[in-house]
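# Structural features, examined
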Amino acid sequence: APGVYSARFAGAPKSDERNNALLIEKLAGETDRRAHYVCVLAFVRNPEDPQPIIAEGEWHGAIIDTPRGSDGFGYDPYFYVPSLGHTMAEIPLAEKNAISHRGLALKKLVALLKDQ
């Protein structure tokens, strides 16, 4: 959780504040706080494309109880990246875009397209 329903994890209308509060509530007492983001991009050449080009990126981290940082949106203040020592909301946007799940998926897609 929250999976593909992340934008409306706490119900409609969508609210980052309510989503984050529900996430922290559900994780109360949990010691395993590992989490990851996943982005899958599909390049479809035409409506009848029998084999779209698919690229996936993942970004691993952990959920912390207290938000840190003011950049980003959604779960960014709670998503801690141990290898960087920061939450996603503390990472400058240009750096985040280069190393995030979306950035990784896009780099893979571009590489796959160049191989075509």
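Scroll up for the structure.
Residues numbered from 1 in each chain as written. Predicted model: local features only at pLDDT ≥ 70, side-chain atom pairs only at ≥ 80, totals over all residues. Heavy atoms only, no water.

## A look at the environment of H60
To keep it simple, the criterion reads: The helix and strand labels rest on DSSP assignments: H or I over at least four residues marks a helix, E over at least two residues marks a strand, and numbering proceeds from the N terminus. Only protein chains enter the calculation, and the probe is 1.4 Å; a residue is then buried if its accessible area is under 20% of its type maximum, exposed if over 50%, and partly exposed in between. Contacts: residue pairs with any heavy atoms within 4.5 Å of one another.
With respect to the helices, strands and loops of the structure, H60 is situated in strand β2 (residues 53–63). In this structure H60 comes out as partly exposed when scored by relative accessible area, which is 47%. Look past the residues within four positions of H60 in its chain and what remains in contact with it is A35, H36, F79 and V81.

## Quick notes on helix α3 (residues 101–114)
The condition that has to hold: By this rule the span expected of a helix is its residue count minus one, scaled by 1.5 Å.
Its 14 residues give α3 an end-to-end C-alpha distance of 20 Å, which sits within 8% of 20 Å, the value for a rise of 1.5 Å per residue. All of the buried residues along α3 are H101, G103, A105 and L109. Elements that come into contact with the buried residues of α3 comprise β1 (34–43), β2 and α2 (93–99).

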